[in-house]
Amino acid sequence: IHYSSARFNTSASKLSQCPADEGAEVAFAGRSNAGKSSAINTLTQHTQLARVSKTPGRTQLINFFDLNIEGLRLVDLPGYGYAKVPIALKQHWQKHLDAYLQHRQCLRGVVLVMDIRHPMKEFDEMMVQWCQSTGVPLHVLLTKTDKLKRGPAQSTLLQIRKSLKAALGDLVSVQTFSALKKTGVDQLKERLDAWLLP
Ligand code: GDP
């Protein structure tokens, strides 16, 4: 798959606005500011595909991107937990995200983006539990690895991998990543290829 072929398809604010539930897609999730937009932009070699922005309002939509193979998509889920939005809006996002995760048949896996310096917060735990209950595979991207020295980065990787393997077994994989240094991109592509290609 050529991830640089990714092109914006549509935005959905509810399940009924999503593209037809056919083909196969992989969704990117993460807390606001974790580095999700930067990871998608690095993967696709676009500078602005997923807008690197912390502006509330821009990130409430589920964004769909088509890939170069018919029926294959990347999905950017709403960033979770932006501090400054009203609680009612947060609840709306949550419902919206829940509906997508529960009903989307063509979802092949979730990439959960975490800042390696702040892994496994409440939202991340929730996603792990969701994968556990649905059996949808999870790939954890520990990003901003360039912010840590190699030793601490490796020890966080091993520790997170160990605890997630205990909970999810073969359903989970974990890697380090840096959008700044562009490390971990090939490993991410391999995981996505394995999920998306029959
Ligand atoms: P999102 O809210 O999860 O989409 O996060 P963004 O992609 O907007 O990133 C949040 C902030 O972290 C921005 O200031 C980015 O420049 C920064 N950032 C994202 N990825 C990296 C990375 O790999 N390394 C470093 N050093 N900074 C990053």
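The model shown is predicted, which means the values in this text are computed figures rather than measured ones.

Draft legend 1. Representation of the overall build of the protein chain within the structure. In terms of helices and strands, the protein chain carries five helices and seven strands. Counting from the amino terminus, helix and strand elements in the protein chain follow one another as β-β-α-β-β-α-β-α-β-α-β-α. Whereas a compact globule of 198 residues would reach a radius of gyration of roughly 16 Å, the protein chain reaches 16 Å, a difference of no more than 12%. Expressed along its principal axes, the backbone C-alpha trace of the protein chain runs to roughly 45 × 40 × 35 Å.

Draft legend 2. Layout of the site of the ligand. Around the ligand, 18 residues are found, and the nearest of them are Gly-35, Lys-36, Ser-37, Ser-38 and Ala-179. In terms of residue count, helix H1 (residues 36-44) provides more of the shell around the ligand than any other element does, three residues in total. Of the residues assigned to the shell around the ligand, the class counts are four nonpolar, nine polar and five charged.

Draft legend 3. Region of the structure containing the environment of Leu-141. Inspection of the secondary structure assignment puts Leu-141 in strand S6 (residues 138-143). The buried category is assigned to Leu-141, around which 27 C-beta atoms lie within 10 Å. In sequence terms Leu-141 and Ala-153 are twelve residues apart; their C-alpha atoms lie 12 Å from each other. Contacts of Leu-141, omitting those with residues within four sequence positions, involve Ala-39, Val-111, Leu-112, Val-113, Gln-175, Phe-177 and Leu-188.

Draft legend 4. Inspection of H1 at higher detail. What H1 keeps buried is the set Lys-36, Ser-37, Ala-39, Ile-40, Thr-42 and Leu-43. Buried residues along H1 sit in contact with strand S2 (24-30), strand S4 (72-76), strand S5 (107-115), S6 and helix H5 (185-196). Following H1 by one or two positions, Gln-45 has its phi on the positive side, about 55°.

Draft legend 5. Structural detail: the sheet that holds S6. Here we have seven strands laid out as an open sheet, ordered S1-S3-S4-S2-S5-S6-S7, and mixed in their pairing. Looking along the sheet, the strands with just one partner apiece sit at the ends: strand S1 (7-12) and strand S7 (172-176). Taken pair by pair, the neighbouring strands of this sheet meet at an average axis angle of 20°, ignoring direction. Sheet topology note: the S1/strand S3 (residues 62-66) ladder contains five bridges and is antiparallel. The partner of Thr-10 across the bridge, within S3, is Phe-64. In this fold H1 packs onto S2, S4, S5 and S6, with an angle of close to 140° to the strand it touches most, S2. Seen against the sheet, helix H4 (residues 150-168) touches S6 and S7 and runs at an angle of roughly 170° to S7.

Draft legend 6. Layout of the confidence of the model for the protein chain. Confidence in the prediction of the protein chain, expressed as mean pLDDT, is 90, and 92% of residues score 70 or more. The ipTM assigned to the predicted complex is 0.99, against a pTM of 0.94.

Draft legend 7. Region of interest: the nonpolar core. Counting residues in each nonpolar core, the largest one holds 47 residues, and the members touching the most others are Phe-28, Leu-112 and Val-140. Setting aside anything within four residues of it in sequence, one finds Val-140 in contact with Leu-112, Met-114, Ile-160, Leu-164, Val-172 and Val-174.

Rules used in this analysis
- Residue positions are given per chain, counting from 1 as you read along its sequence in written order.
- A pLDDT threshold of at least 70 governs which residues receive local features in this predicted model, and a stricter bar of 80 or more applies before side-chain atom pairs are shown or counted, although totals over entire chains, interfaces and linings include all residues.
- Helix numbering and strand numbering both begin at the N terminus, where a helix is a DSSP run of H or I of at least 4 residues and a strand a DSSP run of E of at least 2.
- Radius of gyration: over C-alpha atoms. The globule rule applied is 2.2 Å multiplied by the number of residues raised to the 0.38 power.
- Each residue receives a C-beta atom built from its backbone; the residue is near a molecule or strand if that atom lies within 6 Å of it.
- For this classification, the nonpolar set comprises Ala, Val, Leu, Ile, Met, Phe, Trp, Tyr, Cys and Pro, the charged set comprises Asp, Glu, Lys and Arg, and every other residue, Gly included, is treated as polar.
- Residue burial here comes from a neighbour count, namely the number of other C-beta atoms, placed from the backbone, that lie within 10 Å of the residue's own C-beta, with 20 or more meaning buried, 12 or fewer meaning exposed, and in between meaning partly exposed.
- Note on contacts: each residue gets a C-beta atom placed from the backbone, and two residues are in contact if those atoms are within 7 Å.
- Paired strands, in this sense, are two strands between which DSSP finds at least two bridges.
- Simply put, an axis is a line fit to the C-alpha atoms, just over the touching stretch for a helix, and the angle between two N-to-C directions goes from 0 to 180 degrees.
- pLDDT expresses, on a scale from 0 to 100, how confident the predictor is about each individual residue.
- Here, a nonpolar core denotes buried Ala, Val, Leu, Ile, Met, Phe, Trp, Tyr and Cys residues that are linked to one another through C-beta atoms within 7 Å.

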